[in-house]
Amino acid sequence: MKTSTIRRIKTVLLVMLMVSVMINISFIMETNSKLQYNSKQSDPSKQSGLSKQSDELSVSKNFGNHNDIPVIQEELFPSVKIDVLSSKERVVVKTDGKIVYKKDGLDEDRGIHVLVLNQATGAVMATRLFDTYLQKEDEAMIEFLDSLSYGRILVFTIKDEGTFQLQDKAKMRLGDYGSDASFTLFWRDMWVLVPVKWKQRRKGLGEMFSRSPGIDQWGEPVSLSVTVDLVPGKDTKCKSWPTDAMSTRRERFCDIYEGYGTVCDCDNPQQLEFPPVPLENGNVLDVPLIVIASDRPHYLFRTLKKLLQTPGVQADKIIVFIDGIHDEPLEVTRLLNVKGVHHEPQGEKNARISQHYKASLTATFNFHPDAEYVIILEEDLDVSPDFFNYFYQTKHLLDEDQSLYCISAWNDQGYEHSCQDPALLYRIETMPGLGWMMKKSLFKDELEPQWPGPDKRWDWDMWMRHDAIRKSRECIIPDISRTYHFGSKGLNINPYFQELYFQSHKLLAKPNVKLKDVDRMTNEKYEVLIKELIKSATVLDHSKNPCADDFIPQNTEIETYVMYIHMKDAVDFETWKQIAKCYKLWDLDVRGFHKSMWRQYLKGKHLVIIGAPASPYAEFKPADIPPIDLESKEQKKEGT
């Protein structure tokens, strides 16, 4: 063989050897890349440094594998690739290259964003935002996580800031979901975690974070890519559920949506059908009830479920009106077998809500042309067991007294410490809403023709409270509310506001309460009742500070006290606002009064507060007692 030929053969063999070495090195490097996640998790300092890079971390883990360490194996089932971004200005989640979640509003959507994916399809089943810059949002996140089914794929990602009020309990729970970084996260760090919800702690499928270099700076954007093997669809089905219409609705719902507690539990699913419980003596309140809803399906589920268990409910009279073409709220109504209707939005913000109310009321009387009344409820209200019984006993007053505007189940001043009589009713000049009844004639003859258009950004309830609309008419309310406002997120509500003004409201827990003096709630009879009450009341010592602990005596047999406050005319509320603050009543605006008089229970005593000389009841004030006059902070500043 020629020397040149031998050289060619050696060269070819050398090239082949080098290619083989390169292939093996490439395989080793790829394998190491897929397994490096565990070493990053075990060393938080390395994790922080790595997360500042734009490198993507790719991990494949089969749900059937019970080891904590991700493994590389052939795909037995289809997989889903999940890409997640956490940064100051935006969060993005992609599945198989398609954006399924994106929030990039300026100075909006701060906090921890959580997505729930179906482990069989990779589809998004639920999304939540928890602004953990605020108190108790971390508790809401824990509650949500606890409501999820085992096996679901989760995605956590921070936008802007997510740790300021993230307490140790929540950090520990994130640790249960496989996070090694939760206790090392601090102010303005960026963070991404992708785990699966298991019954016992396992490592997450992927986790990255970046450290904020200073209090006035944010961590670098964090990107994470995880590939997850899906499970067979048959493995997510509940074989123990019976074969009936309810289970069919439940299975349809549970294939698509998450976060409803044990609704989808295979062994002990929540009850979703409730035999109707009649009112006492077989009484029937034949009045349509509408639920004003938007895109808060979990609130709607809670409201409807409570409503359907309330004595006197007629499920076929319930209509849920959904503002916008939102699928999940409509599926909630189908799950619970009540009527749901989509409404095409008109206007923006408060104007949109106002138009939704008008359209819902118009449609209700079209659905029920013979109805003479309607009850209006909202999607974030619990109802008392006495809810329908209350309206049954008071409905006739709307026919008997033309000076009445509505009957409401809500007392704006009905906090745990300021109400106590389940049978007591009041007349007030302000329209409370939050679970109320009105006559069809009021809506069709007066309200509907002059309802503000979509170009008017007015609150519908503020408009209804305006005296040009209300025309000096009053509403009936209970001392103890028959509804409870639990919603903490919405256009006009946030967790802080909910905690400050709604959380400590009292909800009557008793059913079948026999209301007293119902027939004395008509205009003329109520005046007689109030005058009798004031004459029998004991005047408090006006020389004392009304905010002092001993102002209202407790160790006495006296049941009713009266105090007079300075009020030069019907719109002079300066002293009342200070009284409301120190008694921890509603103080954002002035509500719950009748002819410049307020009634509530404080320290177990029925307290009547009368504005003098504005109120006609000021005639009962003893001549030697000056009205209590409290200056506001603004007045004090002006006087200095």
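Because the structure is a prediction, the values reported are computed rather than measured. Here the residue index of a chain counts from 1 through its sequence in written order. In keeping with the predicted nature of the model, local features appear solely for residues at pLDDT of at least 70, side-chain atom pairs appear and are counted solely at 80 or more, and the whole-chain, interface and lining totals rest on all residues. Calculated side-chain values reflect all of the structure's heavy atoms, with hydrogen atoms and water omitted.

Colleague: Explain the state of the cysteines here, please?
Modeller: Defined simply, a disulfide is a covalent bond joining two cysteines at their sulfur atoms. Disulfides are defined as cysteine sulfur pairs within 2.5 Å. Taken as a whole and judged by the stated rule, the model has four disulfides. With its sulfur 1.9 Å from that of its partner, Cys238 forms a disulfide with Cys266. The S-S bond linking Cys238 to Cys266 shows a torsion near -70°; that makes this disulfide left-handed. In this pair, Cys238 sits in the loop between β10 (222–229) and α5 (245–254) while Cys266 sits in the loop between α5 and β11 (289–293), placing the two residues 28 residues apart along the sequence. Look at Cys238 and you get buried, because its relative accessible area is 14%. On the basis of relative accessibility, which here comes to 30%, the residue Cys266 falls in the partly exposed class. Secondary structure elements are taken from DSSP: a helix is a run of H or I of four residues or more, a strand is a run of E of two residues or more, and numbering for both begins at the N terminus. Remark: exposure states derive from per-residue accessible area (1.4 Å probe, protein chains only) relative to the maximum for the residue type, with buried under 20%, exposed over 50%, and partly exposed in between.

Colleague: Even after reading the chapter, I still don't get the sheet that holds strand β14 (residues 373–378), so can you show me in this structure?
Modeller: Sheets are built from strands paired through backbone hydrogen bonds, the pairs being either parallel or antiparallel. Here the rule is simple: two strands pair whenever DSSP picks up at least two bridges between them. Read across the open sheet, the eight strands follow the order β13-β12-β11-β14-β18-β16-β19-β17; overall the sheet is mixed. Bordering the open sheet on either side are β13 (339–343) and β17 (425–428), each of which pairs with just one other strand. Direction aside, neighbouring strands of the sheet carry axes that sit 25° apart on average. When strand β16 (residues 404–408) meets strand β19 (residues 474–478), the two strands line up parallel, connected through three bridges. When the bridges of β19 are listed, Leu404 appears paired with Glu474. The contact criterion used throughout is that any non-hydrogen atoms of two residues lie within 4.5 Å. Helix axes are fitted only over the stretch in contact, all axes being lines through C-alpha atoms; the angle between N-to-C directions runs from 0 to 180 degrees. Helix α7 (residues 327–335) contacts β12 (318–323) and β13 of the sheet and is inclined by roughly 165° relative to β13.

Colleague: Help me understand the sheet that holds strand β22 (residues 560–567) in this model?
Modeller: Overall, mixed pairing links the four strands, which are arranged β21-β22-β24-β23 in an open sheet. Each edge of the sheet is formed by a strand with only one pairing partner; in this case those strands are β21 (538–539) and β23 (597–602). Bridge count between β23 and strand β24 (residues 605–613): six bridges; the pairing is antiparallel. Among the inter-strand pairings, Tyr601 is bridged to a residue of β24, identified as His606.

Colleague: It is not clear to me how the environment of Leu398 should be interpreted in this structure. Could you clarify?
Modeller: By the element assignment, Leu398 lies in helix α10 (residues 397–400). Take Leu398: its relative accessible area is 4%, and that puts it in the buried class. Here the alpha-carbon distance between Leu398 and Tyr373, two residues 25 residues apart in the chain, equals 9.3 Å. Filtering out sequence-adjacent residues up to four positions away, Leu398 remains in contact with Tyr373, Leu404, Tyr405, Cys406, Ile407, Met437, Met438 and Lys439.

Colleague: Teacher, can you tell me more about the confidence of the model for the protein chain here?
Modeller: Close inspection of predicted coordinates is inappropriate in any region flagged by low pLDDT. Values of pLDDT, ranging from 0 to 100, describe the predictor's confidence in every residue of the model. Across the protein chain, the average pLDDT comes to 88, with 87% of residues at or above 70. The low-confidence segment residues 25–76 (pLDDT under 50) makes 91 contacts with residues lying over four places distant or belonging to another chain.

Colleague: Honestly, the environment of Met141 in this entry has me stumped. Any pointers?
Modeller: In this structure, Met141 sits in helix α3 (residues 137–146). When its relative accessible area of 1% is taken as the criterion, Met141 is described as buried. Taking the C-alpha atoms as reference, Met141 lies 9.9 Å from Leu166; in sequence the two are 25 residues apart. In this view, Met141 contacts Ile112, Val114, Phe130, Leu166, Ala170 and Leu174; residues no more than four positions away in its chain are not counted.

Colleague: Where do I start with α7 in this structure?
Modeller: Counting along an α-helix, one turn takes 3.6 residues, and residues three or four places apart therefore face a common direction. Taken across its nine residues, α7 has seven buried, putting it largely inside the fold. Along its buried surface, α7 packs onto α5, α6 (297–308), β12 and β13.

Colleague: Looking at this structure, I do not really get the pattern of salt bridges. What am I missing?
Modeller: Pairs can form between side chains of opposite charge whenever their charged atoms are close. Take a side-chain nitrogen of Lys or Arg and a carboxyl oxygen of Asp or Glu: if they are within 4 Å of each other, that pair is a salt bridge. For the structure shown, the criterion picks out 40 salt bridges. Residue Lys439 is joined to Asp399 by a salt bridge in which the shortest nitrogen-to-oxygen separation is 2.9 Å. A residue pair is termed long-range when its members are at least 10 positions apart, and Lys439 in strand β18 (residues 436–439) and Asp399 in helix α10 qualify at 40 residues. Look at Asp399 and you get partly exposed, because its relative accessible area is 38%. Across the salt bridge formed by Lys444 and Glu448, the nearest N and O atoms sit 3.0 Å from each other. Taken together, the residues Lys444 and Glu448, both in helix α11 (residues 440–450) and four residues apart, mark about one turn of the helix. Residue Lys444 is classed as partly exposed on the basis of its relative accessible area, which comes to 28%. Judged by relative accessible area, Glu448 falls into the buried class, the value being 17%. Salt bridges sharing common partners tie together Asp146, Arg173 and Asp176.

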